Amino acid sequence: MSVFVVDGGKRLSGEVKVQGSKNSTLPILAATLLCGGESVLFNCPRLSDVEASLDILRYIGCKAKREDGTVIVDTGSLSRSEIPSQLMHRMRSSIIFLGAMVARFDRVRMTFPGGCELGPRPIDLHLSALRQMGVDINEEHGVLDCSIDDCLHGADISLPIPSVGATENIMIAAATARGTTTVSNAAREPEIVDLADFLNACGARISGAGGSTVVIEGTSDLHPASHSIIPDRIVAATLMSAAAVTGSDVRFTGVVPSHLESVLPVFRDSGCYIDISGDGLRLSAPYRLTAPKLIRTMPYPGFPTDAQAPIMSMAAVADGMTVFVENMFLSRYSHVSELCRLGANIRVEGKVAVVDGVRRLLSAEVTAHDLRGAAALVVAALCADGESRIRGIEYLERGYEDMELVLSSLGADIKKI
Ligand code: UD1
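(A) Here's a closer look at the site of the ligand. In the vicinity of the ligand there are 18 residues, among which D124, S163, V164, D306 and M328 approach most closely. Contact between the ligand and P122: an oxygen atom at 3.2 Å from a main-chain N or O atom of the residue. L125 has a polar backbone atom sitting 2.8 Å from an oxygen atom of the ligand. Of all the elements in the fold, those that place two or more residues in the shell around the ligand are α5 (124-132) and α6 (164-175). No other element matches α5, which puts three residues into the shell around the ligand. Of the residues contributing to the shell around the ligand, the split by class is eight nonpolar, six polar and four charged.

See the structure below:
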């Protein structure tokens, strides 16, 4: 198991390019199944979750290879219509293959995705939507046995929660279904728009992505396409937090500032100067941050739950008190006890965390329990006095490409051992 060793307190400087989005790459890789040929995806981050998706594609008979940041997937001939549990359990988002698999095969078997460190993460909305589209789904002993009664057909689907994964599964399944599908209360995240852009490049007819109503007119004529994955807005927010806690001046390229609209005000309220130009932004942090008052996680365009943990590390060393309200997932405060080991002053009650900023964090040995919590610990360790050790780096590697190299290139003292 790898460990990060971080000697905190170093200022960061220079320029860094933000990696491609994990949460775009995963559904787009699943969507390549609809195309029956060789699709080329640029700006694909090298992450364990992406590798897990590629292994699923290979298992069912696709050819998949990587050349640096480019992934080439050939879904021309497929040999299997089931995904075994060891592959489903490697990545929580493996459920995104359900819509694509039912669209490509008449019959599909897969296990439920792995358990989750963010509290219960049900898939009822995915299953109910696909049932409305004509998929017969039997759930027994943790296995989803799916078949199509007559044909996969369009439906009017109203989501009670704007679930990102359910919206994506519906869009993928509906792209080649018979008739038109309308998703009301759809998730509006930039990754939904990226998926629609990829599918439309393949010949799909999807409109309204990025708004609350997405309309998908099914067509049987999808073809492979080339597509460049959007930059990862959560990685951008994490690296910006790293610059902020170390009082640094860093330029980030390859970001889409409009994707960060709910996040940038938090940095500005904390006293950071942000200059947006071209495809990048520059962040200059003050000597001491000011605590942002209230951060409530919400579906996009609200403040992203995935940025809550790294931003909490900023609040931990800011002057004043910040109240966090985590509205998206239960159990998304597993980083709090570890931040407290580093000297943070944080109290949690239910979905509320109250952070009373301290002047300095101290080095400690800490353990990550989930992806974004791991990122929060790295950010905190960068500004802690002395040498910290972070375990649980395998969580970080699900979503951050070579984070130690990226931070080292900016002047941080961080190594993986
Ligand atoms: C996606 C992101 C994840 C992010 C989350 C919320 C990917 C690969 N992951 O996860 O990084 O934190 O959006 O922005 O894109 N829910 C149900 N039933 C369902 C589905 C969801 O009750 O069938 C609930 C969840 O428990 C959660 C809420 O809906 O409380 C939002 O979940 P959802 O938007 O589906 O998140 P994911 O797609 O899993």
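(B) Seen up close, the sheet that holds strand β18 (residues 294-296). Taken in spatial order, the four strands line up as β18-β19-β21-β20 in an open sheet, and their pairing is mixed. Each edge of the open sheet carries a strand with a single partner, namely β18 and β20 (345-349). Strand-to-strand twist in this sheet, taken as the mean axis angle between neighbours without regard to direction, amounts to 15°. In the sheet, β18 pairs with strand β19 (residues 321-325) via three bridges, with the strands oriented parallel. From the neighbouring strand, L294 faces β19, where its bridge partner is V323.

(C) Quick peek at unusual backbone geometry. A cis amide bond links Y300 with the next residue in sequence, P301, at an omega value of 15°. Mapped onto the elements, P301 comes out in the loop between β18 and α10 (308-316). Phi is positive for N43, which is not a glycine, with a value near 60°. Its place among the elements puts N43 in the loop between β3 (38-42) and α2 (48-59).

(D) Main features of the sheet that holds strand β2 (residues 13-17). Here we have four strands laid out as an open sheet, ordered β2-β15-β17-β16, and mixed in their pairing. Both edges of this open sheet fall to β2 and β16 (273-277), since each of them pairs with a single strand only. Strand-to-strand twist in this sheet, taken as the mean axis angle between neighbours without regard to direction, amounts to 15°. For β16 and strand β17 (residues 280-284), the ladder comprises five bridges, and the chain directions are antiparallel. Within the sheet, the bridge partner assigned to Y273 lies in β17 and is S284.

(E) Quick peek at the packing of helix α4 (residues 97-104) against α6. Closest axis-to-axis distance for the α4/α6 pair is 7 Å, and the angle between their directions is 15°. Looking at the two axes, α4 sits roughly parallel to α6. In the crossing of α4 with α6, the sense of the turn from one axis to the other is right-handed. Contacts from L98, G99, A100 and A103 in α4 reach N169, I172 and A173 in α6. Split by residue class, the contact of α4 with α6 holds five nonpolar, two polar and no charged.

(F) Summary view of the pattern of salt bridges. Applying the stated criterion across every chain yields a total of 19 salt bridges. Among the salt bridges present, the one from D249 reaches R282, with a minimum N-O distance of 2.8 Å. One end of the pair, D249, is in strand β15 (residues 249-253); the other, R282, is in strand β17, with 33 residues separating them in the sequence. Accessibility expressed as a relative area gives 32% for D249, which makes it partly exposed. For R341, the salt bridge is made with E338, and the minimal N-O distance between the two is 3.9 Å. Note that R341 and E338 are positioned in helix α11 (residues 334-341) at a spacing of three residues, about one turn of the helix. For E338, a relative accessible area of 9% corresponds to the buried category. Overlapping salt bridges, with partners in common, bring together K22, D49 and R398 in one network.

Rules and cut-offs
Residues numbered from 1 in each chain as written. Predicted model: local features only at pLDDT ≥ 70, side-chain atom pairs only at ≥ 80, totals over all residues. Heavy atoms only, no water. Near = heavy atom within 4 Å. Polar contact = N/O pair within 3.5 Å; in protein donor to acceptor, adjacent residues only side chain to side chain. Helix = DSSP H or I, 4+ residues; strand = E, 2+ residues; numbered from the N terminus. Nonpolar A, V, L, I, M, F, W, Y, C, P; charged D, E, K, R; others polar. Pairing = 2+ DSSP bridges. Axes fitted to C-alpha atoms, helices over the stretch in contact; angles between N-to-C directions. Parallel < 35°, antiparallel > 145°, perpendicular 65-115°, else oblique. Left-handed = near helix turned anticlockwise from the far one by under 90°. Contact = heavy atoms within 4.5 Å. Salt bridge = Lys/Arg side-chain N within 4 Å of Asp/Glu carboxyl O. Buried < 20%, exposed > 50% of the residue type's maximum accessible area, 1.4 Å probe, protein only.

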